[in-house]
Amino acid sequence: MIDRRTVTKAIGLGAAGAALPAPAGAATDPAPAAGPRGANAAGNTGGKAAFAPLKQVRAGVLDIGYAEAGPAHGPVVICLHGWPYDIHAFADVAPLLADAGYRVIVPYLRGHGTTAFLSPKTVRNGQQSAVALDVIALMDALKIPEAVLAGFDWGSRTAAVVAALWPRRVKAVVPVSGYLITHLPSQRTPLPPKAEHTWWYQYYFATDRGRTAMETRGNRHDLCRLVWEETSPTWRFDDATFERTATAFDNPDYAAIVIHNYRWRLGLADGERRYDRYERLLEARPAITVPAVTLDPALDPFLPATDGSAYRHLFTGPYEHRVLAGVGHNAPQEAPREFARAVMDADRL
């Protein structure tokens, strides 16, 4: 469960302070008025919300560490973090959803936090289909037939891959920045110079120097903090908030997974043959047929906010698109109320 000392029940959302709706059949308490909003529309607890002791479950090739909140038999939401972040990106989102009746599962991705490989012989592979299959394995291990998937960065891509390849397991999806499934042939084409500059660390990781930086604790720590600062230009997080997440970077497989993920996406590292059939399907850019709410953070330097038209044709089910004003790349941690609202609305489409 969530430590509720700093989180109100069924907190209001939006400028009008509308209460979070509950899942069908769930009981709710009256919602108090929403508190004041930060300059970047955060509406969070300033990073003070805390998860209860984490759980572990063997799933596929991993022993997955995860946080859980909400009623054990509520409809399930799985929240997926990105890089360089961890489960605490959802520390304020989880109690909002839990108080509205959802069972919220927030796993550490492979190579992060308390998630560990079961065998030292398993390839430390960060390609998109491998990470997506981790989510399927987690759902199987926890006996979850269907869930709403919501994520940003790697988590957004992972949610989209699961929704595209295993739609029967996904009730709805909330992917920040829309359709992020990696299309390897397109990766060979350079972006405009300004966009390439934004992705500097991706090219740094393609070098031995970059790999060494990620393997060195001090360099890794400072590099990840710099990425936080650059990609969320108005988010005023404190040292404690970053340090809480930075502990997840000390996983012994962290550097290997991060480096492989970015090198694979650039075509500089091979994937495993066992995932070839999934990657072939993803190369065809399959449509996402489940209900979806896509979110574009207005201040995200990677993918400037749009009306969603560029990827609208790839979402063929019930659909809504929203722009998060004043919000950078780390959407759930910067704007937890808006993120939670999107999850609940997607569940109702």
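Remember, it's a predicted structure, so these values are computed and weren't measured experimentally.

Considering the overall build of the protein chain
Phase 1 of the analysis: When you go through the protein chain residue by residue, the secondary structure sums to twelve helices and 13 strands.
Phase 2 of the analysis: Residue burial in the protein chain is summarised as follows: out of 349 residues, 58% are buried.
Phase 3 of the analysis: Within the protein chain, residue pairs in contact and separated by at least 24 positions form 79% of the contacts whose partners lie at least 6 positions apart.
Phase 4 of the analysis: For the protein chain, the accessible surface area stands at approximately 14100 Å², while carbon and sulfur atoms represent 56% of it.

Some thoughts on the confidence of the model for the protein chain
Phase 1 of the analysis: Mean pLDDT over the protein chain: 88, with 86% of residues reaching 70 or higher.
Phase 2 of the analysis: Ignoring residues within four places in sequence, the model shows residues 1-19, a span with pLDDT below 50, making 49 contacts including any to other chains.
Phase 3 of the analysis: Every residue in residues 24-43 scores below 50 in pLDDT, and together they form 37 contacts with partners more than four places removed in sequence or on other chains.

Things to note about the packing of helix α6 (residues 208-215) against helix α7 (residues 217-231)
Phase 1 of the analysis: Look at α6 against α7: their axes get within 5 Å of each other, and the N-to-C directions meet at 95°. The angle between α6 and α7 falls in the class roughly perpendicular. Along the contact surface, α6 presents A213, M214 and E215, while α7 presents R217, N219, R220 and L223.
Phase 2 of the analysis: Among the residues making up the contact of α6 with α7, the classes are represented as three nonpolar, one polar and three charged.

Comments concerning the pattern of salt bridges
Phase 1 of the analysis: Per the stated rule, a full pass over the model turns up 14 salt bridges.
Phase 2 of the analysis: In this structure, E68 engages R103 in a salt bridge whose closest nitrogen and oxygen atoms are separated by 2.7 Å. Highlighted residues: E68 in strand β6 (residues 62-69) and R103 in strand β8 (residues 103-107), separated in sequence by 35 residues.
Phase 3 of the analysis: Here K171 ties to D347 by a salt bridge, and the two come within 2.9 Å at their closest N and O atoms. Here D347 lies in helix α12 (residues 336-348) and K171 lies in strand β11 (residues 170-175), a separation of 176 residues in the sequence.
Phase 4 of the analysis: The exposure class of K171 is partly exposed, given its relative accessible area of 34%.
Phase 5 of the analysis: Residue D347 is classed as buried on the basis of its relative accessible area, which comes to 13%.

Regarding α7
Phase 1 of the analysis: End to end, α7 covers 21 Å across 15 residues, agreeing with the expected 21 Å (1.5 Å per residue, within 8%).
Phase 2 of the analysis: Those residues of α7 that sit buried are R220, L223, C224, R225, V227, W228 and T231.
Phase 3 of the analysis: The inward-facing, buried residues of α7 abut α5 (200-204), α6, α8 (239-246), α9 (254-265) and α11 (331-334).

Some details on the pairing of strand β12 (residues 292-297)
The two faces of a sheet get side chains in turn, since along a regular strand they alternate between them.
Phase 1 of the analysis: Counting buried residues in β12 gives six out of six residues, a clear majority hidden from the surface.
Phase 2 of the analysis: Both faces of β12 are covered, namely the face carrying A292, T294 and D296 and the face carrying V293, L295 and P297.

Quick look at the nonpolar core
Phase 1 of the analysis: Judged by nonpolar contacts, the single largest core of 107 residues is most densely connected at W83, L97, F205, M214 and I288.
Phase 2 of the analysis: Once you skip the residues sitting within four places of it in the chain, L97 turns out to touch V77, Y102, V104, A340, V343 and M344.

What to know about the environment of A163
Phase 1 of the analysis: Structurally, A163 is set in helix α3 (residues 154-165).
Phase 2 of the analysis: Taking the C-alpha atoms as reference, A163 lies 9.5 Å from A132; in sequence the two are 31 residues apart.
Phase 3 of the analysis: When near neighbours in sequence (up to four residues on either side) are disregarded, A163 contacts V170, V173, I288 and V290.

Overview of the packing of α7 against α8
Phase 1 of the analysis: Taken N-terminus to C-terminus, the directions of α7 and α8 make an angle of 125°; their axes are 11 Å apart at the nearest point. By the angle between their directions, the pair α7 and α8 is classed as oblique. Along this stretch, α7 crosses α8, giving a crossing that reads as right-handed. For the pair formed by α7 and α8, the contact residues are H221, C224, R225 and W228 on the first element and D239, T241, F242, E243, T245 and A246 on the second.
Phase 2 of the analysis: Grouping the amino acids of the contact of α7 with α8 by side-chain chemistry returns four nonpolar, three polar and three charged.

Section: the side chain of H329
Phase 1 of the analysis: Locating H329 in the fold gives a position in the loop between β13 (319-324) and α11.
Phase 2 of the analysis: A polar side-chain atom of H329 sits 2.6 Å from a polar atom in the side chain of D153.
Phase 3 of the analysis: In contact with H329, other than residues within four places in its own chain, are Y85, F152, D153, T231, S232, D300, F302 and E334.

What about the environment of A292?
Phase 1 of the analysis: Its place among the elements puts A292 in strand β12.
Phase 2 of the analysis: For A292, a relative accessible area of 0% translates into the label buried.
Phase 3 of the analysis: A C-alpha to C-alpha distance of 6.4 Å links A292 and P318, two positions 26 residues apart in sequence.
Phase 4 of the analysis: If near-sequence neighbours (up to four positions away) are discounted, A292 is found in contact with V173, F315, P318, Y319, E320 and L349.

Brief notes about the packing of aromatic side chains
Phase 1 of the analysis: Throughout the structure, instances matching the rule amount to 27 aromatic pairs.
Phase 2 of the analysis: The structure contains a cluster of three or more aromatic residues connected by ring pairs, namely Y85, F90, F152, W228, W235, F237, F242, F249, Y254 and F339.

Considering α8
Phase 1 of the analysis: Among all positions of α8, only T241, F242, R244, T245 and A246 are buried.
Phase 2 of the analysis: For α8, the elements touching its buried residues are α7 and α11.

Scoring rules and cut-offs
Residues numbered from 1 in each chain as written. Predicted model: local features only at pLDDT ≥ 70, side-chain atom pairs only at ≥ 80, totals over all residues. Heavy atoms only, no water. Helix = DSSP H or I, 4+ residues; strand = E, 2+ residues; numbered from the N terminus. Buried < 20%, exposed > 50% of the residue type's maximum accessible area, 1.4 Å probe, protein only. Contact = heavy atoms within 4.5 Å. Areas by Shrake-Rupley, 256 points an atom, 1.4 Å probe, with all protein chains shown as cover. pLDDT = per-residue confidence, 0-100. Axes fitted to C-alpha atoms, helices over the stretch in contact; angles between N-to-C directions. Parallel < 35°, antiparallel > 145°, perpendicular 65-115°, else oblique. Nonpolar A, V, L, I, M, F, W, Y, C, P; charged D, E, K, R; others polar. Salt bridge = Lys/Arg side-chain N within 4 Å of Asp/Glu carboxyl O. Expected span 1.5 Å × (residues − 1). Core = buried A, V, L, I, M, F, W, Y, C linked by side-chain atoms within 4.5 Å. Left-handed = near helix turned anticlockwise from the far one by under 90°. Polar contact = N/O pair within 3.5 Å; in protein donor to acceptor, adjacent residues only side chain to side chain. Phe/Tyr/Trp six-rings, centres within 6.5 Å; stacked < 30°, edge-to-face > 60°.

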